[in-house]
Every structure is written in C-alpha cells, then in structure tokens.
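Topology and contacts: notes
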Amino acid sequence: VTFLAGTEKGELSGWFEGRLSDDDAEGRMVRAHVFAPQTSAVRTLGASTRDKSFVAVGEDGSVVLRHMTSERTLLSLSGETGAVAAMITPKGDGLLVARQDGSLARYEVNNPHPEISWRTLFGKVWYEGYGRPEYVWQSTGGTNDFETKFSLVPLVFGTLKGTLYALLFAIPLAVLGALYISQFVHPAIRGRIKPTVEIMAALPSVVIGFVAGLYLAPLVERYVVAILLMMAVLPAAGTAGVLIWHRLPKSIRRFKPGTELALIVPLLLMGAWVSLTVAPSAEQALFSGDFRMWLSTTFGLTYDQRNSMVVGLAMGFAIIPIIFTIADDAFSSVPSHLTAGSLALGATRWQTALRIVVPTASPGVFSAIMIGFGRAVGETMIVLMATGNTPVLDWSIFNGMRTLSANIAVEIPEAPHGGTLYRVLFLGAALLFTMTFAVNTVAEVVRQRLREKYRAL
Amino acid sequence: MAHPPSDLPPPPTPQDATRPKRGSAGAGDTWIWLTGSALGLCLLMIAGLVGVVLVNGLGFFWPEPLVKVTLKDGGVFLGQVEDEEPIPQPGTPEHNQKRRLQLKVGNRDLLGFDFKWINEDEVATREDPADVVYVERREYGPLLGTPARLTDSGQVKAEGSEAVWAAVQPYLDRARRDRAALRKIERDQIGEINYRIEQARLELRGLELEQSRRPQPEAAARRAELERRVAEQQERYRAKQEELQKLVEATSQSYLTVATVDGQEKELRTLDVFRAFRPNRLTRWGRLRVYTSRLWEFVSGDPRESNTEGGIFPAIFGTVMMVMIMSVVAVPFGVLAALYLREYARQGFLVRSVRIAVNNLAGVPSIVFGVFGLGFFVYVVGGAIDRTFYPEALPTPTFGTGGILWASLTLALLTVPVVIVAAEEALAAVPRSMREASLATGATKWQTIQRVVLPAAAPGILTGLILAMARGAGEVAPLMITGVVKLAPDLPLDGFFPFLHLDRKFMHLGFHIYDVGFQSPNVEAAKPMVYTTTILLLAIVVLLNLTAIVVRNRLRSKYQTSAF
C-alpha cells in the first residue's frame, strides 16, 4: 500500500512502509517516489483501483495522470483549467473531471501499459515494502493490489551468469580437445571421434537438462568436494600419462604416436576415483567435515541443489560440440605447407601447434567461442530444468539464476495475449535475438574472412 | 598395432632414440597430453550421460524380487530394494559407517508413500517370501502383498495364496478383453457421437450467425434438420452410455483381495488389474516375459496415473507426426532456397549476406522461434483463420491457439537453415563435368538441374532432411508455447472427417520428459518412466544422426570434393 502526499508547492511523493536496513525491527514510512513537481499546489488526488496510477489536480485546475511505480507522467490535460477533482474510472480506461462550474467531463484514456518505462525495465525501482531501490522481476502476486515488478536486469544477469559458467567449463575442454584432434591424434581415431562429437551435438537439450536436474544435481550436492577436486586432479591425471609414456619401452612407444587417448581415458577414470576417495578426508580437513556448512559460516553463501555449477556443467556439455567442431575446422584447415615447413625446420609437434597453428587459426577459435556463447545465451531447457529459476542478482556459483529464455518458457503460457507481461516477454525475446544475432554475425564474418585468408595463403 | 601411413597429416614426429632436446620436447609433450585429456574428458562425459540414461532406463521394466523386512520395532515392509548406501553423518565418527536401504514399497493408497528408507541396524529379519504378488493396477501405483481371496458375484471362488493365484488367471485374461471392449465403446463410439454432436452444434451456431446477417427463408428447415440430428445423436449417446454402464457392471463382478504384509487388506476389481505376477517365483524366462510385456505396454499404451505409468504411445505418435509435417514444409523451402543460392543467384554481396543470415538463423535461440510462432502463427494467422472460417466456434479458438500445425511450422522455420546448408553443400558437390555434359547435349538450365543436378544431389539433400528431423524431434522449448500439452487423449489423426486435425494439441516425447520429470506431483516415483522415455528419444535422435553421417560419408567418398 502506498500513500500519496501532495504539498502546497506542488510537490508530489509516494510513501510506504519499508525497512531501510536489516536492523529495523519495524518498518518505517519511507519516501520512495518523488515526482516532478506540479505547476501549482496539489488540491486533490485520485487513485486508480486497477493499478498504481493516480490523478492529481492542482490549485490552478491542472489535471495530471501519473503512475506510481514508473513515476511516469502519463497524461497532462492541457485544456483543463477549472478542475477541482478528478477520478480514474474503475476499469482504468477513463478520467472523470469535476469542474468549478459544476460540470463534469469524461475523458477516454487509452493507456495499456502505464507501469513500463525504461527505468522500470532496466533501472532500480523502489517497490512497495522494499528498503531500497532494487532490480526485481516478479510478474505475478497473490493479491489484487500487487505491484508488478518487470526489471529485466536480473534476467539479463542470469543469462550472462549461466553463459559465463558454461563457457568457463566448455572453452578449455572444447578448444584443447579440438587442438588435440586436429594436430596430434592418429587419423584412425579421428575418424571415430568426429561422429561421436557430432552425435553429442545432436543430443536433445531436454535430455541433458533432465539428466542434469534429476541425476547430476543431487550427485554434485553429495560429492561437491570431490567434483571441485576433480577440476584440479583430472587434468593432472591425464597429463601424468606423459611420465608413464616416457618410461615405456621404446619398442611399444615407437608404433603409437597419436594414440595417447588409450592411456588417457583410464588415467582420467583413475583420477576421478582418487578424487572420490580422497574427498571425504579433504572435506574433513579443509571444511571441518561439511562443505555446505563451511560455505555458509565462512562466506555466508547458501548452497542450492540446482545451482550454477550444475548449469555450467550441463550447458557446457551442450555447447562443447559446437565450439569443438568449428575450432577443429579452423585448426585442421591451416594450410599444410605451414605446419610441414615448421616441422621440417625442427620444431616439435607442440611448438608447431602453439606457434603456427594456433595463431593462424585464432580467428576461427574466436568465432567458435562466439557461436558457443550465442548457443548458451539462448539455451532454454537446460537452465529451465537444472536451476531453481529464481531471479537473483548474485555471482555465486552455488546458487541458481533465471535466464531470459527460461523466463519466457515459464511465464508466457500464463501471459494474456497483448497484456503487459506478454509484451515484456516479447521484449525479452527481442533482446535475446539481438544478442545472438550480433554475436553470430560477428562470428560468421570472422569465419568468412578466415576462409579467404586460408585461400590466399 | 598399425603403422601410421607417413603421408597423412598430421605428420607424426618420431621421438627419436637420442632425444636431443629433451627439455623442450618433454615439456611440449606434457601440453599435448593435456589437450588429449580435454578430449578424453569430453568422451567420458558422453559415455557417462548415455550410460546413466541406459542403466536407469533399461532396468526399470525388469521385475526385481521382493524382500520382506521386519524391523526391530515390529514394523513390516515388503518391497523392491531400490538403493543401498552408507548413511552420511558429516562431523560425527559414525559418518558413512552404517548402511541403509531404500525400499520401493508400493501400496501408495495404504501407506501414503512410495519409498521407505530403512537403517540396516533396525532390521530384525530380511526374507524373500515366495508367494507375494506384484499387482499393477489402474490407480495408486503397484500393490504388493499376498493374494487372499477371489470373489465373483459375491461368492468366494478361492481362498489362500496358491488357490487364488491359480484361480485368478482366467479373470485377468478376461479383464484384458473387457478393458479393450470398454475402451472401444468409451473412446471410439462415444467419442464419435460426441464429435458429431459438436459438429452439429457448430453448424447450428454458424446458421444463427448467417441468419443474423442476412435472413434466409430455408433457414428454419435447415435448423430443424440440424436439431433433429443433434437429438438423434443424443439418443444414440444415451443408448451407448447405458450399454457402457451395463458392461461396466457386468465386468465389475469379480474382486481380488490382496493382503499386505502389515496386515491390511485391499480389495480391487479384477478389471483394474493390468498385470500381476509373483516376482519371487519367476524364472529367468518368466522375467523376460514380464519385461517384454511391460516394454510393449510402454510403447503402445496410453499413459495412466498422470503420466507416471502406462505407455507413451500418444507422445510417440505426436512426435512423429509433428516431424513429418515439419519436413513437408521445410524441405521444399530449403531446397528451393539452396537451388537459387547455388545455381541462379550471382555470387556477390547480397548472396553472401543471405548466407550469413541463414547461418545466423540456425544460431537464433529456439525459444525465440517459439515466441515468434506464438505471436505470429497462433495469434495473427490463427486468429485470422478463426475469424474467417470458424466464426461459429468463437470465442473458443480453433486455430487461434497452440496446435500441431503451428508447432510444426515453427519447427520448420527452425530447421530450414539445416536443410539449406546441407542442400547447398550437396549441390556444390555435383561435379561440374556432369552439368557441362548435360548443357552440351542441348539441355536447358532447368532441365539440367531437374534431371542431372538434383538426382545427383538427392542423397545430400536427404542428409539435410534427416539432420533437420533429428533436430526437430529433440527440440522442446518452442513447442511448449505453440501447442504441446501434457495429456492429449485425441490423436491428431483419427477416423473422423477430415481425419487430419491440424488444430489439435498433441503430446511430445521431449516435453513428456520435462513434464513428468519436473512437473508431476510424484517426481521420485516417475523418474524411471522419464529415463525410459529419454532412451526412446535418444534412440530416435541418434539413429537419425547416424543415418545422416553414413549417407554423407558415402557421398564424400563418391565425389571426393572438398565442399564446406
């Protein structure tokens, strides 16, 4: 509930009970909305019964229609001079103005979306009952006098957060994997792995999301320390293979350049096993036995079961194939005379890859990452299923988010056609489209340039 | 152990025996192994995902033996052992020392829960009773217990576990036939009558509308005729209802009583028993039979218990049908676009931007397509169709709401880039010599395209189609807002004119996974069902993709061109 106050000087403000800080046991009246001053002292006010609009009548007879949440001046009746009182019709589609001479005027108002302004969509707004202006998305509420909160900021934030974690997971795996498969692997193995990755690309996102939400999320919750350990242990375990390799008798080694995978996969499995066995004692030693408890006491972070880590893993899994394929494309179409020349000059495989292949193909890798970004931004089912879909503004990896895409999927079935929510959701879709369109176009142009470059080389 | 051919890229550099630059080569090798680990991890993840789905899904239909657990406090539970794990008690020395097991106890109506965790040190005895039955029924999930009594028309036919089990078999067979008969009346016959009544009612409404615009003399006669038809159908409806009532009564005479281990008794109509078996008496062969029969029910039956049991046939049907409509739309557009881009258009800035746009279209989030489908197809096009052709049904929308046509069209938009790219690739791969030969013999350009280029490119276009189908079958987000529902008893294809009902809502495998896994009231009990659905969807998508890969590889070796 908001109170409106008007003064003799024509100032207008909206007040409600809010708690300015967490220490406030009781709320106090706060002046949350200050409006542009009227031309004269405020004589009367009339509030809409339908939404947060109100009409203010000045001493000089001016009539101004405004909206509380958005602080917008919706209408200022210019021809009206003798008004003494005004009210908004119950359906919000008209104004009744009583004039000094006793006459009554009825205006029709066509004003379908008064609560929307650039500020309510992208800026901080002081909503009823809040202690300070905030970014909030809350489209429906239990009561009739509910104040709709249409800030797109938490959603854009959630989208970027999910994308960030997915990319953090996917980029190293996909780009390094692509480098390996294009430069180092045995051709026979390459012929097997390419189709596997293509099939990985074709896995429906609903399947990935389902496994992430119902299988992975509880698993991660239970073995969170082990999973964190694995991030360090697994690369080390796979790389440790090189030590074993150099100890192997030469007679075996000579015949198998490019078949390291056969050794790496068991090593990785071993690494995972080691992480799982070590994790409980590590948890005991580092986090006094309970990681989640430690998290909340040390950093004050909560642990949601369906959190950004799960989303990062799942969405990363979903975008690995696309980044992988495009990066591999770029790596393996580096003209062979360049690599052959480098090798002939005595550079090792790794030196050739790092100094010749990667720099030449870097625009391709860039466009691969951009396209991966585009995919992650628009991914719907995975975030829908693997997060709690709460629109929060918090970078913590241990809680969830709500993305633009999931928001559309969740809310549009309930949005009445043509209503404000419906249009805001369309705006969300337009935002998504713009983001992906820009990113994809850049990526595509870069890719075409690269292809021309290769042709010229 | 194969020698790598020396001329293949990348040229393997032999780590020669002397290894002169040990430091740098060794360090470089470490990095190579790191990149290899990245790839290895990707492969492991794929294997892990598929493995999780397969293990959890395939085992579900296998009838596991039942165990009877008596607790020290006197509680008795009968169920399948679902899981066994150490009890986590972080921070205490007892952490992971004791074990507990999870029993799937069934009998939801009697117990109020499906699963029971039992700490192992509370268990007094654990046995495998031989004569327990596992009854799958219409409502409340499985019923577990010992058969106690069989009554028919109020008379006790058999008592005692063995006797009842022997006596109930013919009843179960009859129940199956009765259910089929009931279903036929309920769904086919009464459904038809309802459909006709609805049609007549709409025609009446249409007549009224017409009448209000421009009165016609013969309207009264038509009106009377329509009303007569409605009355006639309603008469038939009443008769059918009566027949149904009688049949239900006739088939509900026999009751099976099952005693549960905690001493309660549950009486249920044999008509409601879908399957009953004694899991602890089954041979391996018997288990296999139960397994196949459950699997068959899964792919061919209708869902029960708010989709958590029974089959998923409507979802399979809806998916296939939607993909087919989508292909019919996407392929012509895609192929024509590719033909123009590749064969007719002058390669320049415009064509380049079109190509970028096509690639871009493939990268647009699917939910955006969904929103477009909702805003344009459903509300604009559908709304216009309704106002023009179905004014009598308004305000109930016919096409102005989500339906299989709009969902398919939305997906067609989504998959058209896949078709265009593949078709372009295929057209580019047709050797120049073939076209030139055709043109040299006097064929026109169109004749060349039609008789030479297109047939040669057909397999490539087919690859594109298959890939598009795979993408379409797996996409869910745009469907959720353009016409998929959790339960659609009427298939979009049936025996009433016009047979193909494009305005109907439909079920979809992918949405089924989402809905049952995340929106159903009893997620834990529904999980296995979701896994099995996932296997089916995965199988469809992977098979389609494999086909596409095989076709494409054949093509590559056939033409040996380096098309991008």
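For every chain, the first residue of the written sequence is number 1, and numbering continues from 1 along that sequence. Each chain takes a letter, starting from A, and each ligand takes a number, starting from 1, following the order in which they are written. Since the coordinates come from a predicted model, pLDDT governs what is reported: local features require at least 70, and pairs of side-chain atoms require 80 or more to be given and counted, while whole-chain, interface and lining totals use all residues. Hydrogen atoms and water are omitted, and side-chain values are computed over all heavy atoms in the structure.

**Quick word on the overall build of chain B**
Helix and strand labels come from DSSP, where a helix needs a run of H or I of at least four residues and a strand needs a run of E of at least two; each type is numbered from the N terminus. Of regular secondary structure, chain B possesses 14 helices and 13 strands. Radius of gyration: C-alpha atoms only; globule rule: 2.2 Å multiplied by the number of residues to the exponent 0.38. At 32 Å, chain B has a C-alpha radius of gyration far larger than the 24 Å of a compact globule built from 564 residues. Each of the three principal axes of chain B carries a C-alpha extent, and together these read 100 × 90 × 45 Å. Note on classification: 1.4 Å probe, protein chains only; a residue is buried when its accessible area is under 20% of the maximum for its type, exposed when over 50%, partly exposed between these limits. Sorting the 564 residues of chain B into buried and exposed places 47% on the buried side. For this analysis, residues touch if any pair of their heavy atoms sits within 4.5 Å. Partitioning the intrachain contacts of chain B with sequence separation of at least 6 by distance along the chain shows that 67% fall at a separation of at least 24. Only the protein chains shown count as cover for residues, with accessible areas throughout obtained via the Shrake-Rupley method and a probe of 1.4 Å. Accessible area for chain B stands at about 27,300 Å²; split by element, carbon and sulfur atoms hold 59% of it.

**Some details on the overall build of chain A**
Counting its secondary structure elements, chain A contains 14 helices and 12 strands. Dimensions of chain A along its principal axes, counting C-alpha atoms only, are 110 × 60 × 35 Å. Expressed as a percentage of its 457 residues, the buried residues of chain A come to 53%. For chain A, the share of sequence-separated contacts (at least 6 apart) that also reach a separation of at least 24 residues comes to 62%. Of the accessible surface of chain A, which amounts to about 20,000 Å², a share of 61% is contributed by carbon and sulfur atoms. Charge convention: Lys and Arg are scored as positive, Asp and Glu as negative, and His as well as the terminal groups of each chain are ignored. Charged side chains are reduced to one point each, which is NZ for Lys, CZ for Arg, CG for Asp and CD for Glu. Distance between charge centroids for chain A: 16 Å, based on 38 positive and 34 negative side chains.

**Section: the pattern of salt bridges**
Residue and element names in this part refer to chain B. Salt bridge, as applied in this entry: a Lys or Arg side-chain nitrogen positioned within 4 Å of an Asp or Glu carboxyl oxygen. Within the structure shown, the criterion is met by 38 salt bridges over all chains. When the shortest N-O distance is used, the salt bridge between Arg 100 and Glu 85 registers 2.5 Å. One end of the pair, Arg 100, is in strand β3 (residues 99-104); the other, Glu 85, is in strand β2 (residues 76-86), and 15 residues separate them in sequence. With a shortest N-O distance of 3.4 Å, Arg 278 and Glu 162 are connected by a salt bridge. Of this pair, Arg 278 sits in the loop between β11 (273-277) and α5 (284-300) while Glu 162 sits in helix α3 (residues 161-213), and the two are 116 residues apart along the sequence. Taking relative accessible area as the criterion, Arg 278 reaches 10% and is therefore assigned buried. Taking relative accessible area as the criterion, Glu 162 reaches 42% and is therefore assigned partly exposed.

**A look at the sheet that holds strand β1 (residues 67-71) of chain B**
Hydrogen bonds between backbone groups are what pair the strands of a sheet, and the pairing can be parallel or antiparallel. Residues and elements named next belong to chain B. Within the open sheet, the 5 strands sit side by side as β4-β3-β2-β1-β5. Their pairing is antiparallel. On the outer flanks of this sheet lie β4 (115-119) and β5 (123-127), each paired with one strand and no other. Neighbour to neighbour, the strand axes of the sheet diverge by 45° on average, direction disregarded. Pairing of β3 with β4, which is carried by 5 bridges, proceeds in the antiparallel orientation. Considered in β4, the bridge of Lys 104 is made with Phe 115. Here, any two strands with at least 2 DSSP bridges between them count as paired. Only the stretch in contact is used when a helix axis is fitted, and all axes are lines through C-alpha atoms; the angle between N-to-C directions ranges over 0 to 180 degrees.

**Here we look at the interface of chain B and chain A**
Taken together, the contact pairs 78 residues of chain B with 91 residues of chain A. Once two parts are put together, the accessible area they lose, assessed with a 1.4 Å probe and summed over both, is termed the buried area. Buried area between chain B and chain A, both sides added, is near 7,900 Å², and the carbon and sulfur share of it is 76%. Together, Trp 33, Leu 39 and Phe 518 of chain B form the three largest contributors to the area buried by chain B at its contact with chain A, with a combined 10%. Joining chain B to chain A, the criterion identifies 2 salt bridges. The partner of Arg 222 of chain A in a salt bridge is Glu 85 of chain B, and the shortest N-O contact between them spans 3.1 Å. Think of a polar contact as two N or O atoms within 3.5 Å of one another; within protein, one of them needs to be a possible hydrogen donor and the other a possible acceptor, and neighboring residues in sequence only count if both atoms come from side chains. There are 6 residue pairs in polar contact (both at pLDDT 80 or more) connecting chain B and chain A. Elements with a minimum of two residues in the side of chain B that touches chain A: α1 (22-58), α7 (349-363), α8 (366-389), α12 (477-480), α13 (509-518) and α14 (523-559) of chain B. Sort the elements by how many residues they give to the side of chain B that touches chain A and α1 of chain B lands first, with 25 residues. Residue type decides the class: Asp, Glu, Lys and Arg count as charged, Ala, Val, Leu, Ile, Met, Phe, Trp, Tyr, Cys and Pro as nonpolar, and the leftover types, Gly among them, as polar. The residue inventory of the side of chain B that touches chain A, partitioned by class, reads 51 nonpolar, 20 polar and 7 charged.

**Remarks on the sheet that holds strand β7 (residues 73-77) of chain A**
Residues and elements named next belong to chain A. With antiparallel pairing, the 4 strands of this open sheet are ordered in space as β4-β5-β6-β7. Looking at the sheet topology across the chains shown, the edges are occupied by β4 (42-47) and β7. Averaged over all neighbouring strand pairs, the angle between strand axes comes to 20°, with direction disregarded. Here strand β6 (residues 63-67) runs beside β7; their pairing, made up of 4 bridges, is antiparallel. The partner of Arg 66 across the bridge, within β7, is Thr 73.

**Section: a nonpolar patch on the surface**
Residue and element names in this part refer to chain A. Like-charged residues are merged into a patch within 9 Å and nonpolar side chains (Val, Leu, Ile, Met, Phe, Trp, Tyr) within 5 Å, provided each residue has over 30% relative accessible area and no salt bridge. Taken together, Leu 160, Leu 164, Leu 168 and Trp 395 make up a surface patch of nonpolar side chains, about 390 Å² in accessible area. Structurally, the position occupied by Leu 168 is in helix α2 (residues 153-184). Taking the relative accessible area as the measure of exposure, Leu 168 reaches 55% and is therefore exposed.

**Considerations on the confidence of the model for chain B**
For chain B, the mean per-residue pLDDT works out to 82, and 93% of the residues sit at or above 70. As a predicted assembly, this complex carries a pTM of 0.86 together with an ipTM value of 0.88. pLDDT expresses how confident the predictor is about each individual residue, on a scale running from 0 to 100.

**So, the packing of helix α10 (residues 432-440) of chain B against helix α11 (residues 445-474) of chain B**
All names here are of chain B. Two elements in contact, α10 and α11, have axes separated by 10 Å at closest approach and are oriented at 145°. Our pair here, α10 against α11, has a crossing hand that is right-handed. Here Met 434, Arg 435, Ser 438 and Leu 439 of α10 come into contact with α11, specifically with Lys 445, Thr 448, Val 452, Val 453 and Ala 456. Here the residues of the contact of α10 with α11 sort into 5 nonpolar, 2 polar and 2 charged. The hand of a helix crossing depends on one turn: near helix anticlockwise from the far one by less than a right angle means left-handed, and clockwise means right-handed.

**A word on α5 of chain B**
All names here are of chain B. Each helix should span, by expectation, one fewer than its residue count multiplied by 1.5 Å. Spanning 17 residues, α5 covers 24 Å between terminal C-alpha atoms, matching the ideal 24 Å at 1.5 Å per step. Residues of α5 that are buried: Gly 286, Arg 287, Val 290, Tyr 291, Arg 294, Glu 297 and Phe 298. The buried residues of α5 occupy an angular sector of 140° when projected down its axis, which confines them to one face. Exposed residues pointing more than 90 degrees away from the buried face of α5 are listed as Arg 284, Trp 285, Arg 289 and Trp 296. This arc is built from the directions going out from the helix axis to the C-beta atoms.

**Details of the nonpolar core**
The tendency in soluble globular proteins is for nonpolar side chains to be buried side by side. Among buried residues, the Ala, Val, Leu, Ile, Met, Phe, Trp, Tyr and Cys ones that are joined through side-chain atoms within 4.5 Å form a nonpolar core. Val 206, Phe 210, Ile 323, Phe 331 and Met 381 of chain A together with Tyr 514 of chain B are the most contacted members of the largest nonpolar core, which has 176 residues in total. It is helix α9 (residues 308-332) of chain A that contributes the most residues to this core, 16 residues altogether. Those residues in contact with Phe 210 of chain A that sit more than four places away from it in its chain are Tyr 215 and Met 385 of chain A together with Ile 513, Phe 518, Val 530, Tyr 531 and Thr 534 of chain B. In terms of nonpolar packing, the next biggest core, distinct from the first, is built from 15 residues, Val 135, Ala 158, Val 168 and Val 273 of chain B among them.

**Overview of the side chain of Thr 163 of chain A**
Tracing the chain through its elements places Thr 163 of chain A in helix α2. Aside from chain neighbours lying at most four places away, what touches Thr 163 of chain A is Met 315, Phe 373, Ala 376 and Val 377 of chain A.

**Examining the pairing of β6 of chain A**
Residues and elements named next belong to chain A. Among the 5 residues that make up β6, 5 are buried, leaving the element largely enclosed by the rest of the structure. With burial as the criterion, each face of β6 is covered, one bearing Val 63, Leu 65 and His 67 and the other bearing Val 64 and Arg 66. Bridging between strand β5 (residues 53-58) and β6 involves 5 bridges; their strand directions are antiparallel. Bridge pairing in β6 links Ser 53 to His 67. Taken together, β5 and the strand that follows it, β6, pair antiparallel across an intervening segment of 4 residues, in which Gly 61 is found at a positive phi of about 85°. Connecting the antiparallel pair β6 and β7 is a turn made up of 5 residues, with Glu 71 showing a positive phi of about 55°.

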